Amino acid sequence: MAADIRTQYPSTSTTALTISLASLATDASLLTGRESTAVDNTTFEDIDHLVSGVITVGTTPTANTLIQVWAYAYRTITTGTPTYPDVFDGTDSAETITNSGVKGALLRLVASIDVIATTSNVGYEFPPTSIARLFDQMPQFWGLFVTHNTGVNLNSTAGNHVIHYNRIQAQTV
């Protein structure tokens, strides 16, 4: 008799992503933003990670602007070290992508959030999104890049920005 394979959520399946979004500056070109620390999937070998979160705008943002969340993954591995695209290095840090062509070719859009009003300190959520689906398979190392053009810095309280991922594994039954 053949075994069935089912989805399994480990007991410690929800993990906060390391990314410092408090007071992140606005960028009209949507090329400057914040990179997260890369997630290392080589130990658990999960089949997917569902990433979701909330990003809070600052004081009196401009209406009809965007918050963008992009995913990056290593391209090749040389001597056991991941090689990330363009300016990314797998650490929680400020980054400016070379140009929009590079951004569109090497990153995958997780969420494009419309900031529709000038209301201050609103938390904008984005739903669970499959990292494996974005890259056609689960990368060994991946992370996020957040940018926005709201005209003001994001909210200055770190706890008002939460991005996490849920681990998904396969179980034979």
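See the structure printed just above.
Residues numbered from 1 in each chain as written. Predicted model: local features only at pLDDT ≥ 70, side-chain atom pairs only at ≥ 80, totals over all residues. Heavy atoms only, no water.

Colleague: What am I meant to see in the overall build of the chain here?
Modeller: When its secondary structure is counted, the chain shows two helices and 13 strands. Computed over C-alpha atoms, the radius of gyration of the chain comes to 17 Å, within 12% of the 16 Å expected from 2.2 N^0.38 for 173 residues, which places it in the range of a compact globule. The principal-axis extent of the C-alpha atoms belonging to the chain is close to 60 × 35 × 25 Å. In the chain, which comprises 173 residues, the proportion classed as buried is 45%. Considering only contacts within the chain whose residues lie at least 6 apart along the sequence, 83% involve residues at least 24 apart. Here the chain displays about 8,500 Å² of accessible surface, and carbon together with sulfur accounts for 50% of that area. Side chains of the chain carry 7 positive and 14 negative charges; the gap between the two charge centres is 3 Å. (Helix = DSSP H or I, 4+ residues; strand = E, 2+ residues; numbered from the N terminus. Rg over C-alpha atoms; globule rule 2.2 N^0.38 Å. Buried < 20%, exposed > 50% of the residue type's maximum accessible area, 1.4 Å probe, protein only. Contact = heavy atoms within 4.5 Å. Areas by Shrake-Rupley, 256 points an atom, 1.4 Å probe, with all protein chains shown as cover. Lys, Arg positive; Asp, Glu negative; His and termini not counted. Charge placed at Lys NZ, Arg CZ, Asp CG, Glu CD.)

Colleague: Please explain the packing of aromatic side chains as it appears in this structure.
Modeller: Both the distance between ring centres and the angle between the ring planes are used here to describe each pair of aromatic rings. A full pass over the atoms with the stated rule returns five aromatic pairs. With centroids separated by 5.5 Å and ring planes inclined at 85 degrees, the aromatic side chains of Tyr72 and Tyr84 adopt a geometry described as edge-to-face. Taken together, the residues Tyr72 in strand 6 (residues 65-73) and Tyr84 in the loop between strand 8 (81-83) and strand 9 (93-96) connect sequence positions twelve residues apart. Take Tyr72: its relative accessible area is 0%, and that puts it in the buried class. Judged by centre distance (5.4 Å) and plane angle (80 degrees), the rings of Phe88 and Phe145 are edge-to-face. Residue Phe88 is found in the loop between strand 8 and strand 9, and its partner Phe145 is found in strand 12 (residues 141-148); the two are separated by 57 residues along the sequence. Per residue, the accessibility class of Phe88 equals that of Phe145, and both read buried. Ring pairs connect the aromatic residues Tyr72, Tyr84, Phe88 and Phe145, which therefore count as one cluster. Above the plane of the ring of Phe44 lies Arg167, whose end atom (NZ or CZ) is 3.7 Å from the centre. (Phe/Tyr/Trp six-rings, centres within 6.5 Å; stacked < 30°, edge-to-face > 60°. Lys NZ or Arg CZ within 6 Å of the ring centre and 35° of its normal.)

Colleague: What is the right way to read the pattern of salt bridges from this model?
Modeller: It is possible for side chains of opposite charge to pair when their charged atoms get near one another. Under the defined criterion, the tally for this structure stands at two salt bridges. One salt bridge in this structure joins Asp92 and Arg34, with 2.8 Å as the shortest N-O distance. Here Asp92, found in the loop between strand 8 and strand 9, pairs with Arg34, found in strand 3 (residues 32-35); they are 58 residues apart in sequence, far enough to count as distant. (Salt bridge = Lys/Arg side-chain N within 4 Å of Asp/Glu carboxyl O.)

Colleague: So what exactly am I meant to see when it comes to the environment of Asn121 here?
Modeller: As for its position among the elements, Asn121 is in the loop between strand 10 (108-115) and strand 11 (123-130). Judged by its relative accessible area of 42%, Asn121 is partly exposed. The sequence separation of Asn121 and Asn160 amounts to 39 residues, and the corresponding C-alpha distance is 8.7 Å. Excluding residues that lie within four positions of it along the chain, Asn121 makes contacts with Thr56, Val57, Gly58, Thr59 and Asn155. Here Asn155 takes part through its side chain, which lies 2.8 Å from a polar atom of the side chain of Asn121. (Polar contact = N/O pair within 3.5 Å; in protein donor to acceptor, adjacent residues only side chain to side chain.)

Colleague: Any chance you could explain the pairing of strand 5 (residues 48-56) here in plain terms?
Modeller: Along any regular strand the residues' side chains alternate between the sheet's two faces. In terms of burial, strand 5 is largely enclosed, as seven of its nine residues are buried. Inspection of the sheet shows strand 5 paired to strand 11 by six bridges, in the antiparallel sense. Its bridge partner being in strand 11, Val51 is matched across the sheet by Thr129. (Pairing = 2+ DSSP bridges.)

Colleague: Sorry, what's going on with the side chain of His148 here?
Modeller: As for its position among the elements, His148 is in strand 12. Among the polar contacts made by the side chain of His148, one reaches the main-chain carbonyl oxygen of Ala25 at a distance of 3.2 Å. In terms of polar contacts, His148 uses its side chain to reach the side chain of Thr150, at 2.9 Å. Setting aside its immediate chain neighbours within four residues, His148 contacts Leu24, Ala25, Thr26, Asp27, Leu30, Leu66, Ile67, Asn153 and Leu154.

Colleague: Is there a simple way to think about the layout of surface pockets in this case?
Modeller: A probe as big as a water molecule, rolled over the atoms, marks out the empty space that is left. Within this model, the largest pocket holds a volume of roughly 260 Å³. Around the largest pocket sit 14 residues that line it, and Ala73, Tyr74, Arg75, Phe135 and Pro139 are the ones nearest its centre. Those elements that provide at least two residues to the lining of the largest pocket are helix 1 (100-106) and helix 2 (131-135). Grouping the constituent residues of the lining of the largest pocket by class yields nine nonpolar, two polar and three charged. (1 Å grid on protein atoms, 1.4 Å probe; cavity = no way out; pocket = protein on both sides within 12 Å on 5 of 7 lines; lining within 4 Å. Points joined across faces, edges and corners; volume = space filled by probe spheres on them. Nonpolar A, V, L, I, M, F, W, Y, C, P; charged D, E, K, R; others polar.)

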